[in-house]
Structure formats: structure tokens, C-alpha cells
Amino acid sequence: MTQYAWWQTGVIYQIYPRSFMDGNNDGVGDLNGITQRLDYLQWLGVDAIWLSPIYPSPMADFGYDISNYTDIEPLFGNLEDFDRLLEQAHQRGMKCILDFVPCHSSDQHPWFREARSSQDNPKRDWYIWRDPAPDGGVPNNWLSNFGGTAWQYDEQTQQYYLHMFDARQPDLNWRNPEVRNAMLDAMRFWLERGVDGFRVDVIWMMVKDMQFRDNPLRLDWKPGDSNESIQIGVYTEDQPEVHEIIRGMRALVDGYAGDRVLIGEIYLEAEKLVTYYGPQLDEVHMPFNFQFITMESWSAETIRSCVDAYEAMLPTGAWPNWVLGNHDRPRIATRIGCDQIRIAQMLLLTLRGTPTCYYGDELGMENVVVPVEMINDPPGKKNPLFSRDPERTPMQWDASPNAGFSAAGIQPWLPIAQDYQQQNIEVEQQDPHSYLALVRALLSLRHDIPALSIGTYTAVLDVPEGCFAFLREHEEQRLLVVLNCSGPDLELTLPRLGQGHILLATSLDREGKVELSALQLPANEGYIIEL
Ligand code: GLC
């Protein structure tokens, strides 16, 4: 019998540590706060937590600018707090994945401080430096994902350094073997401490063109489109050399017992994305699949075609995965609207492939309006339209002041949703029909029913427009998932499937036998039916 790893059968839950739970009442979430809330996560039924960066950082990009890869940011706690969190998670049968950010460091990292001290400093080549163009301007047309040129001039040494994000996040030079070794050492440090794997930040952008050629412009770009889409990153991302570097990371991770996992953050079209599994499945275990986050319209037809195309493209033996939300994109409830979020959650938790959930999405949290003068996020400071603060607001635990995130009287680092007194964990835990109750029921079914975690996937095509239906099968088990992704009520006519009974309905108020020859599927409703 095939053995499945925990990251194949389990569900990952992303925690944005600044916003999950403020254990020491300074307005910013921390590690002890997370530890306090592990019982909740166990109750919810997730199998692994992924922590956005917790390393020392000047917080120019809220932890994605690391100034020491092998310690804990004091705002979040210390190594002892981390060890306790890890131990407590493990005691509850939960894995813990760290965010690793190898593409760039903070400009306050000692490596960069040394590198910028002189052109002949031994660390100079750890970063990417270029002379000014003959006219004194930037070396080429590369743009930062946060807007503007990707080059920052350094007065003292009279060269430009590259930063594909904020100017305080200089890109490391992954062509330098010393950089590779230093990063692998940092990963070793955490693996030896017992972490269960890494989510590797912007892994597809670690290597850049050696000739520094200009990127072509996207002719259909219009103001309001994202900064990163002004250019096609032909020379700044997805370079062939990156694959060998990832294989090195994978070999390291595989050298540790206990199924440690390597997940890559990659925004690329599916054809390119799947190449990151590696020719021998020897690169990342899972390149994050963001199709549900990036797709332009939410309809049964677009969802089905994206699932089917991805399933067809997966290399033999590669394990799929699906992501519905993260700290960089508007929340799912805001993207698709409240009518469809139950459907989205049923979709995520019944498809073949590891689901990743973003904290607060299990409540139906929406983006919170953050007044312009309170914007923290660096791209948001350049253009409020691109601020990621709205999807990073504090978790809504209960109806007490500050939603139970920080004590009363403390000002949390971002505002709390105005409706938190109605929409919070405590309230939804008491309501058997709440959105949270649905998410928990889905998680529990996914655990109990192998067809949902490891079964095969087959789309059912003879359904009316607006409906996405598929089968999940394992040994004798056969489940049909039907999702009404549209407004009108629908009738499904699937006589060949005979009878079944509803295991779970998104409304949580329908169960029992159904005839598949004439199945009524109300608007915005989904069923998991056992055949
Ligand atoms: C990734 C992170 C994002 C960060 C960027 C730069 O995309 O998810 O939050 O700003 O990398 O590190």
C-alpha cells in the first residue's frame, strides 16, 4: 500500500505572526500568543502551521527583510519561546513549517553592511552590484515588485545594488557558492531544532540573468494593474539555474528524518509552475498553486478548467496543492463575495491536493479598510491600492475589546474589523450553522474519509452551467461533490449515479438520501454526497 506523507494527507494553516495573538500586549502578535492558541487550532482540525517570518528584522517588509537567519525577532519572543511553541505543536500532533526568505536579506544584515562598506569587501559579491549606465542612470530597466526601479544607488561605493522588492531588501547573489552554503547552514539550524519544513519565499526569483538584459514591457499594462505586471520578468525570474539550487535545498531537507517538506512560493502559469517539482521530483515537494487566488473570474467553468488543466499537467507522482488565501492578496471573502465563500471552502477541502488555509479565512474575515495615514505596508505607502494591510488585520477571537487579540486599551498594529463583535471565533463556535462550523466539519470529514485526502479526482461533465461537480474515489469509497457556483437554483440529472446520501451541505442543514436522477441544488449551495 502506498504510504502518504503528512503534508499530502494534512491541511496547512498559515499564521501571520504579527496578527494572530498578542501574548505580551504590545499590539503585535508573538510566538507565545500562538502557543496560547494552539488548542483552538487543534479543535479546528488543521495538521500543520506555517509561520510567516519570525526572524530578527527591521520590519521594512514585516519580517520578509531578515537581519539574522538563525534567531528570533525580539518582538515575537526568543528561541526558548520558539522551542516551546514547536514542542507544544508537536504534542498536539501538529507540524510546524517556517517561512524562509533566501532571495534577499535586510539591508541591516551584517552581510550587507559589510558588502556595502567597499567595492573590494569579501562580502561584496554576496549581493548584486552594477556600475551606473554611461549616463549615470540605472544599469537596466528592471523594476521592483513594489514599484519603481529595482536599483538603488550607493553613494559611498558608487554602484547600484539590486532589490526586486523594497530598497531595504537587497537581493542576494545566488551565483556565489558562499551565499548558497550560508543559506543551507541557516536551514540546517532550524531543521536540527525540529522544524518540519520550509515555505521558501519567492523561490522562482532567486537567480537573475547573468547578462542583465532589459526585461520586455507588457503592452497591455494599464494603471491600476499590479507593479510586477508592468514588465515580463524574462530576465529576473524563472531562470534555468534556479532549479539546481532548489535541488540542493531539497537534498538537505531530505537528509532529515520525518518527512520534512519544502514548499515554494511561485507565481507562474501552471505549465511553468509544475517544472518546479523537478525532473526526478527532486525539487520542491509542492510549488504553491495560486490559481484560485489569481483567477480573474470565479465561475464553475473557470474553476473546472483550471482544476482539470492542472491535474493533467502534474508530472507523474507529483502531489497537487491548492491555496485560497494568503497575506499578499485580498481575502477570499472580499475577492469573491460572501455568497460564495462556503462553496470556496468546500472546494478547497474536497479537491485532490494539500489545502493551505489563511488565518481568519475560517471565520469569513474580510479585508479591513485601513485609513491611508495608517498604512504600514511598503507597496501600500507608494500606492494605497496595493496595500496588503487590509488582509493582515488582527484575528478576531471574541467580542471583548480588541477582539481578544490584545488586551483592552492597547492599540493593535493594524485596526480590527468593525464587525468583530458579531464575527469572531467565540460567537461562531457557539453557532452550529456558522461558517466556522462548516470549515471544521469539512476538516473533520477530510480526516476521516480517505477518498477526500488521497482519492482520485474525476470531473463530472454532464452538469448544468454554474455547477462544478467531481468524484473522489478510493477503494470502495465513492464521493460526489457538487458545487453551485452561481446565483440560480439548479437541477442536476445524473441517473447513472443512482442514489446517494448527503454527508455534508454547505448550509449545514440538509442531510439524508438523494436521487441523483433529479437533484435540486439551491443557489450558492454545495453537497458532499456518498454514493
Ligand atoms: C513574498 C512574500 C511577500 C513579501 C515578498 C518579498 O512574495 O509573500 O509578503 O513582501 O515575498 O519578500
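Residues numbered from 1 in each chain as written. Predicted model: local features only at pLDDT ≥ 70, side-chain atom pairs only at ≥ 80, totals over all residues. Heavy atoms only, no water.

1. A closer look at the overall build of the chain
(1) Moving on: The number of helices and strands found in the chain is 17 helices and 19 strands.
(2) Moving on: Here the C-alpha radius of gyration of the chain, 24 Å, is about what a compact globule of 531 residues would show, namely 24 Å.
(3) Moving on: Judged by the C-alpha coordinates and their principal axes, the chain covers about 75 × 50 × 50 Å.
(4) Moving on: For the chain, the residues scored as buried account for 60% of the 531 residues in total.
(5) Moving on: By element, 49% of the accessible surface of the chain is carried by carbon and sulfur atoms, the whole surface being about 20300 Å².
(6) Moving on: Of the charged side chains in the chain, 41 are positive and 76 negative, and the gap between their average positions amounts to 3 Å. (Helix = DSSP H or I, 4+ residues; strand = E, 2+ residues; numbered from the N terminus. Rg over C-alpha atoms; globule rule 2.2 N^0.38 Å. Buried < 20%, exposed > 50% of the residue type's maximum accessible area, 1.4 Å probe, protein only. Areas by Shrake-Rupley, 256 points an atom, 1.4 Å probe, with all protein chains shown as cover. Lys, Arg positive; Asp, Glu negative; His and termini not counted. Charge placed at Lys NZ, Arg CZ, Asp CG, Glu CD.)

2. Section: the sheet that holds strand 16 (residues 499–505)
(1) Moving on: The strand order across the open sheet built from 6 strands is 12-13-14-19-16-17, with neighbouring strands paired in antiparallel fashion. Among the strands making up the open sheet, the edge pair consists of strand 12 (456–460) and strand 17 (512–515). Strand after strand, the sheet turns through a mean of 30 degrees between neighbouring axes, direction not considered.
(2) Moving on: Looking at chain direction, strand 16 and strand 17 are connected through 4 bridges and run antiparallel. (Pairing = 2+ DSSP bridges. Axes fitted to C-alpha atoms, helices over the stretch in contact; angles between N-to-C directions.)

3. Quick word on the nonpolar core
(1) Moving on: Counting residues in hydrophobic clusters, the biggest one holds 158 residues, and the most contacted among them are Tyr-13, Ile-49, Leu-51, Phe-198 and Phe-292.
(2) Moving on: A per-element tally of this core places helix 7 (residues 177–193) first, with 8 residues.
(3) Moving on: Judged by nonpolar contacts, the second largest core, of 19 residues, contains Ala-469, Ile-502, Ala-505 and Leu-519. (Core = buried A, V, L, I, M, F, W, Y, C linked by side-chain atoms within 4.5 Å.)

4. Focus on the side chain of Arg-250
(1) Moving on: By the secondary structure assignment, Arg-250 is in helix 8 (residues 242–254).
(2) Moving on: When neighbours within four sequence positions are excluded, Arg-250 is seen to be in contact with Leu-262, Leu-281, Asp-282, Glu-283, Val-284 and His-285. (Contact = heavy atoms within 4.5 Å.)

5. Focus on the site of the ligand
(1) Moving on: As a matter of local geometry, the ligand sits amid 14 residues, with Asp-61, Asp-201, Glu-265, His-327 and Asp-328 nearest to it.
(2) Moving on: Within the side chain of His-327, a nitrogen or oxygen atom sits 2.8 Å from an oxygen atom of the ligand.
(3) Moving on: Asp-328 places a polar side-chain atom, nitrogen or oxygen, 2.5 Å from an oxygen atom of the ligand.
(4) Moving on: Starting from 310 Å² of accessible surface for the ligand in isolation, the protein chains cover 96%. (Near = heavy atom within 4 Å. Polar contact = N/O pair within 3.5 Å; in protein donor to acceptor, adjacent residues only side chain to side chain.)

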